[in-house]
Amino acid sequence: MVSKLSTTSHRSDIVGLKYVYPVISRRMGGLSIGINFNTNNACNWRCIYCQVPGLTLGAAPEIDLKLLEDELRLFLKDVIEGDFYERFDVDEDKRVIKDIAIAGNGEPTSLKEFPDALALIGKVATELGIFPQSRYVLITNGSLVHQAKVKAGLKVLDAYDGEVWFKLDSATEEGRALINNTAQSCKASVNNLMLATQCCKTKLQTCLVDYDNRGLSELEQSAYLDLLTEIKSSGCELQGVLLYSMARLSLQPEASKLKPLSFEVLDAFADKIRLLGFNVSVSR
Ligand code: SF4
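As the structure is a computational prediction, the values presented were derived from the model and not from experiment. (Residues numbered from 1 in each chain as written. Predicted model: local features only at pLDDT ≥ 70, side-chain atom pairs only at ≥ 80, totals over all residues.)

## What about the overall build of the protein chain?
Summing up its helical and strand segments, the protein chain has 8 helices and 12 strands in all. A compact globule built from 284 residues would reach a C-alpha radius of gyration of about 19 Å, and the protein chain, at 18 Å, matches this within 12%. Over its C-alpha atoms, taken along the principal directions, the protein chain stretches across nearly 50 × 40 × 35 Å. For the protein chain, buried positions account for 39% of its 284 residues. Within the protein chain, contacts between residues at least 6 apart in sequence are counted, and of these 78% link residues at least 24 apart. (Helix = DSSP H or I, 4+ residues; strand = E, 2+ residues; numbered from the N terminus. Rg over C-alpha atoms; globule rule 2.2 N^0.38 Å. Buried ≥ 20, exposed ≤ 12 C-beta atoms within 10 Å, placed from the backbone. Contact = placed C-beta atoms within 7 Å.)

## Re the nonpolar core
By size, the foremost hydrophobic cluster in this structure holds 69 residues, and its most contacted members are Ile100, Leu157 and Val164. Ranked by residue count, the leading element in this core is helix H3 (residues 114-127), at 5 residues. In contact with Val164, not counting residues within four places along its chain, are Leu138, Thr140, Leu154, Leu157, Ala196, Cys200 and Thr202. (Core = buried A, V, L, I, M, F, W, Y, C linked by C-beta atoms within 7 Å.)

## Quick look at the pairing of strand E2 (residues 30-35)
Counted residue by residue, E2 has 5 buried out of 6 residues, so it is predominantly covered. Strand direction decides the pairing type here: E2 and strand E5 (residues 97-102), joined by 5 bridges, are parallel. Counted as the bridge partner of Ser32 is Asp99 from E5. (Pairing = 2+ DSSP bridges.)

## Things to note about the site of the ligand
Contacts to the ligand come from Cys43, Trp45, Arg46, Cys47, Cys50, Val52, Gly106, Glu107 and Asn141. Tallied by class, residues from the shell around the ligand come to 5 nonpolar, 2 polar and 2 charged. (Near = placed C-beta within 6 Å. Nonpolar A, V, L, I, M, F, W, Y, C, P; charged D, E, K, R; others polar.)

## A word on the packing of H3 against helix H4 (residues 148-159)
Running from N to C, H3 and H4 cross one another at 10°; their axes reach a closest spacing of 8 Å. Comparing their axes, H4 and H3 come out roughly parallel. You can see that H3 and H4 cross each other, and the crossing is right-handed. Residues Phe114, Pro115, Leu118, Ala119 and Gly122 of H3 form the contact with H4, whose participating residues are Lys149, Val150, Ala152, Gly153, Val156 and Leu157. Looking at the contact of H3 with H4 residue by residue, the classes come out as 8 nonpolar, 2 polar and 1 charged. (Axes fitted to C-alpha atoms, helices over the stretch in contact; angles between N-to-C directions. Parallel < 35°, antiparallel > 145°, perpendicular 65-115°, else oblique. Left-handed = near helix turned anticlockwise from the far one by under 90°.)

## A word on the pairing of E5
Of all 6 residues making up E5, 6 are buried, and the element is well covered by its neighbours. In this structure, E5 lies alongside strand E6 (residues 135-140), joined through 4 bridges in parallel fashion. Following the sheet pairing, Ala101 is matched in E6 by Val137. Remark: the E5/H3/E6 crossover connection has right-handed handedness. (Right-handed = clockwise from strand over helix to strand, strands pointing away.)

## A closer look at unusual backbone geometry
Excluding glycine, residues mostly have negative phi values, and the peptide bonds linking residues are mostly trans. Between Phe131 and Pro132 the backbone carries a cis peptide bond, its omega angle lying at 10°. With respect to the helices and strands, the residue Pro132 is situated in the loop between H3 and E6. For Asn41, which is not a glycine, the phi torsion comes out positive at approximately 55°. Among the secondary structure elements, Asn41 is positioned in the loop between E2 and strand E3 (42-43). Although it is not a glycine, Asn181 sits at a positive phi angle of roughly 50°. In this fold, Asn181 is placed in the loop between helix H5 (173-180) and helix H6 (186-199). Judged by the 17 C-beta atoms lying within 10 Å of it, Asn181 is partly exposed.

## Thoughts on the packing of H4 against H6
H6 packs onto H4 with a crossing angle of 40° between their chain directions and a minimal axis gap of 8 Å. Compared by their axis directions, H4 and H6 come out oblique. When the axes of H4 and H6 are compared, the crossing they make is right-handed. Contact residues: H4 offers Lys151, Leu154, Lys155 and Asp158, while H6 offers Leu195, Ala196 and Cys199. Tallied by class, the residues present in the contact of H4 with H6 amount to 4 nonpolar, no polar and 3 charged.

## Structural notes on helix H8 (residues 263-274)
Over its 12 residues, H8 extends 16 Å from the first C-alpha to the last, a length consistent with the 16 Å expected when each residue adds 1.5 Å. Contact partners of the buried residues in H8: helix H7 (218-233), strand E10 (240-244) and strand E12 (280-283). (Expected span 1.5 Å × (residues − 1).)

## Focus: the environment of Thr109
Assignment of secondary structure puts Thr109 in the loop between E5 and H3. Sequence-wise, Thr109 and Val145 are 36 residues apart; in three dimensions their C-alpha atoms are separated by 7.8 Å. Discounting chain neighbours no more than four positions away, the residues touching Thr109 are Phe114, Thr140, Leu144, Val150 and Gly153.

Shape is all these values report; function is a separate question.
Structure follows, in structure tokens:
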């Protein structure tokens, strides 16, 4: 049976592959080809809005690079030369590969073979003419950027003119503990952000949610704005800020206390960030 791929369809098993899956991206307005290294649904954080089913604490398992290559070639050829768009009834205006995004069911930089996997994806996508037209994106919580293998991977990404989307949901220790369930301090996160910007183009991605009807507090807003001011004055070159809220239901125990923030709230906060001199885009 043919399934329609839409902006709300994120079924990673839709094409029956282990590492490669298609998403019609709201943010990008076309096909985003996702690569999932975390086939065990393991992450080193536990964000309360996380939509990974059966999320567990841990790292990505060892990868089968040959299988990754075979799947990527097969899938890209199906999109370029086959009837992929017809089979999945993709809207005409979305029939364009916007990006290849490493965005798995967990933290992708925890993969031991991270630089090799990034190099392989870059090579295959270039050979098949996907790069440089389409973007190469890494979506990460940034917590492991200090590791040598992660920095090496970011340099590979940079060689393909790729970009890092670095998660920063809160600039307070309380907010990080509540939203991301991480013990990593804000300072350590910012240090990693600096390292990321030295390796590759980097944007901040910030998911803002309404927890327990608290909305977006003045305290959280001012801490975030202060941190961005500090980041800018340190000479760190950020390519932009991506603000968004939950588009789908959380699969975490806190789900019943979570609501997306309205576009009005996101837009008003985006305007405050723009006043600091950053490019900001908003999606939900
Ligand atoms: S970093 Fe991503 S995968 Fe990990 S818990 Fe948070 S939202 Fe889920």
